Amino acid sequence: MTQPIKKQIHLAAHFPGVNNTTVWSDPESGSQTDFASFVHFARTAERGLFDFLFLAEGLRLREHRGKIHDLDVVGRPDTLTVLNAIAAVTTHLGLGGTINTTFNEPYELARQFASLDHLSGGRAAWNLVTSSDAFTGENFRRGGFLKPEERYDRAQEILDAATALWLSDREPVKFESAQFTFAGRFTLPPTPQGHPVLIQSGDSDAGREFGARTADAIFSRHGTVEAGQAFYQDLKGRMPRYGRRPEEITILPATTFALGDTEAEARENAERVRREQVSPQTAIAFLEQVWGRDLSAYDPDGPLPDVEPDAGATITRGRVRHEKDPVAVATAWRELAAAKGGLSIRELIIETTARQSFVGTPKQVAAQMDEYVQQDASDGFILVPHLVPGGLDEFVDKVIPELQDLGSFRTAYTGPTLRDHLGLAKP
Amino acid sequence: MVGDDRVVGEVMGAHAYVAVELGTSGEPSAAHHLAAVQAVADTGADLVFWADSFVPPEQAAPPTLDAVAIAARAAPVVAGIGLVPTVTVTHTEPFHVSKAIATLDLVSQGRAGWQVAVSRTEEEARLFGRKPAAPPAQLWQEAAEAVEVVVRLWDSWEDDAVIRDVATGRYVDRDRLHYIDFVGEFFSVKGPSITPRSPQAHPLVVVRDEPDALPVVARWADVVRVAAPDLAAAHTAREQVRAVVTGAGRDPDAVAVLLDVTPDGPDPVEAVRGGAADGVTLLGGPDPGLVGRLAELGLRRPVAGSATLRERFGLPRPANYFAGAHR
């Protein structure tokens, strides 16, 4: 008699990025850019049999109140170049990165990603993002030329163009679309994966539609089981109209965690990390993003400002903003601060921005994660640790064995390519 | 006796550089390309060049991989040799070139270089569909701007920009990050780079000698590659390179001229001893005995295995353009 096969969890490892999730003030925090940090992180992920490593990218340093934002980690290597180097020190781990479609041309990107896939033996993945902002465009010769409503048109066109080149078998390609007109032959045959795995992370209606049509994996940011299930059903429900089956997309919500030998210790660790993530200065900066004005005179350990937000102001540039009415946010925060017994500015920011997804002993965290996936709130997770380079160590040493004991996670890689790990057919 | 001093200097202190040029073509696998780089490293050569362009090889010919990708794939596993891919700047954004080469420097612990090149053909222009092919003079004027942007971006972070000052909550000192505010005829770039200053700060800049490239050679090249039909012509080319470098206010002894040598071309040892070149680039693959022969003649100084590529070329780590006076 064979056991029914349990739904398997997929895991990606997000190299800690340039935001306040990444803690730099901890004694265990190492270099964000030395190659040794990437080697440590990648090898840990591979030891934990993760599906893939992931690197984010932003092409202009963030600014806050007209100056380069100086409170968070800043600076990272070129995504494709460091992924090629990581391929040299790993054997199975998938290698994913964000590359912006606005400031690159399809022929060059197609060749760079195909090169990574060939040189890594079929482990490349591309998270397509599209930016319309003139702020980032100032670093590029064509500037910020894209209308916001054309973002997904460009993403689709560049993907169609790249795919035509990847699968051309070096036959001549002639491509014409609204944004691209080019012709010629590609320099490479189809890659070990056919072409790289495609990742999408937009959450708007257009973003979900693009994902349902094209993506192999989707990064989401829906925390609760209910929100996760709603997204999961919505996204997978869009796939049949493109002739795709639900299992052809792996949905991975961004996930943070805190561990301890006991539940109480895990909660203490979670609390400590949250305080490290939200320094007094960071708390004020977060507040300024909502208020749209200089609040540097306020005490982070004191109450929220009495003044109302400047609703029209944008004082942070170079990061994704979640458009919400600042006055409404301020009102909700004041109510929350009062309801919790008078939270200070810093306590309020910690409460609203920094809560970890899973907190507990390794056994508890494994059980929570497994339940989340078995209830179809996702197909796995992209873990976002708070430390470089050791942020995955404890998870891999302690949680992975628990997930394996639950029968929900692989005990060995079953093939050499990322498509093998994700259970995807070759295009 | 200026001339004699120069000869003595060359014999005692000089280093006859040995480079090998590989292609990006062949079976598109790590195994194939790593074997080729390792074979060069095993001969004790100073650096490997990867010729590259967007021009698609004939369909029946071996495919070509991206040169930076091959170099980065090799960096962690092939030690003791400089890694110098060609990256063209006609269709590629200088912002991307800057961080790619800086990252190659990071993952190779200071062994990166960059051979600057332009895309000349209509065939390449059609692969991008943004602009027609341009004459060489214009391509190199544009390239001059691109190189300036790349080098300025390399300096846009001071070495000590990351401060991790818990007392003030600051990870980085923003006064040590610099907008480059480049505005040229062809494009403008704001900066700073997203990538911190690399181990060498300025990976080795390599330019091939051609008339329209001379302004770039004069201002930016650390290494100049020369092709010449014979040693006399090579000698003349080297003198011209040294003259334009001097004319740009730089020290010509800080710029090495490497002569391309084919298997049936001039003897590499004669090229160096006769003063026709500061070193050679072997186009026909590695020569296992060459470094040894040059050493026996006193034409090689010892090089530490951990040396950066700049150190191999006797070049200091450069001061930051934006620090101090320009701050």
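Residues numbered from 1 in each chain as written. Chains lettered and ligands numbered in written order. Predicted model: local features only at pLDDT ≥ 70, side-chain atom pairs only at ≥ 80, totals over all residues. Heavy atoms only, no water.

1. Some words on the nonpolar core
Rules: Here the nonpolar core consists of buried residues drawn from Ala, Val, Leu, Ile, Met, Phe, Trp, Tyr and Cys, with membership extended through side-chain atoms lying within 4.5 Å. Buried residues are those whose accessible area, probed at 1.4 Å on protein chains only, stays under 20% of the maximum for their type, while exposed residues exceed 50% and partly exposed ones sit between those limits. Helix and strand definitions follow DSSP, with helices as H or I runs of at least four residues and strands as E runs of at least two, each counted in order from the N terminus. By definition in these notes, contact holds between two residues if any of their heavy atoms fall within 4.5 Å.
With 170 residues, the main nonpolar core has Leu11, Phe50, Ile86, Trp126, Trp166 and Phe395 of chain A together with Trp114 of chain B as its most contacted residues. A total of 10 residues in this core trace back to one element, the largest contributor, which is helix H6 (residues 136-154) of chain B. Setting aside chain neighbours within four positions, we find Ile86 of chain A in contact with Phe35, Phe38, Ala42, Leu53 and Leu95 of chain A. The next biggest cluster of nonpolar side chains, apart from the first, holds 19 residues, and it includes Ile284, Trp291, Ala330 and Trp333 of chain A.

2. Points about the packing of helix H10 (residues 326-339) of chain A against helix H11 (residues 345-353) of chain A
All names here are of chain A. Just so we agree on the cut-off: Throughout, an axis means a line fitted to C-alpha atoms (over the contacting stretch in the case of helices), and angles, computed between N-to-C directions, take values from 0 to 180 degrees. Convention used here: angles under 35 degrees read as roughly parallel, angles over 145 as roughly antiparallel, angles from 65 to 115 as roughly perpendicular, and any remaining angle as oblique. Residue type decides the class: Asp, Glu, Lys and Arg count as charged, Ala, Val, Leu, Ile, Met, Phe, Trp, Tyr, Cys and Pro as nonpolar, and the leftover types, Gly among them, as polar.
H11 packs onto H10 with a crossing angle of 105° between their chain directions and a minimal axis gap of 10 Å. It follows that H10 is roughly perpendicular to H11 by the angle criterion. The segment H10 lies against H11, with Trp333, Leu336 and Ala337 engaging Leu348, Ile349, Glu351 and Thr352. The residue makeup of the contact of H10 with H11, split by class, is 5 nonpolar, 1 polar and 1 charged.

3. Remarks on the packing of aromatic side chains
Short version of the rule: When the centres of two rings from Phe, Tyr and Trp lie within 6.5 Å, Trp using its six-membered ring, the rings pair. Their planes under 30 degrees apart give stacked, over 60 give edge-to-face, and anything left gives tilted. Each ring is checked for a lysine NZ or an arginine CZ that lies within 6 Å of its centre and within 35 degrees of its normal; such an atom marks a charge sitting over the ring.
Tallied over the full model, the rule gives 24 aromatic pairs over all chains. With 5.8 Å between their ring centres and 85° between their planes, Tyr107 of chain A and Phe186 of chain A make a pair best called edge-to-face. Pair noted here: Tyr107 of chain A is in helix H3 (residues 106-119) and Phe186 of chain A is in the loop between strand S8 (181-184) and strand S9 (197-200), with a separation of 79 residues, a long-range link. Taken as a pair, Tyr107 of chain A and Phe186 of chain A share a single burial class, namely buried. Through successive ring pairs, a cluster of aromatic residues spans Tyr107 and Phe186 of chain A together with Phe54 and Phe128 of chain B. It is Lys190 of chain B that lies over the ring of Tyr179 of chain B; its NZ or CZ is 4.6 Å from the centre. Over the ring of Phe49 of chain B we find Arg225 of chain B, and its NZ or CZ is 4.4 Å from the ring centre.

4. What about the confidence of the model for chain B?
All names here are of chain B. Selection rule: Confidence of the predictor at the level of single residues is given by pLDDT, which spans 0 to 100.
Here chain B averages 93 in pLDDT, while 95% of its residues score no lower than 70. Low pLDDT, under 50, characterises residues 1-13; the stretch is placed with 5 contacts to residues that sit more than four places away or in other chains. For this predicted complex, the interface confidence comes out at an ipTM of 0.96, alongside a pTM of 0.96.

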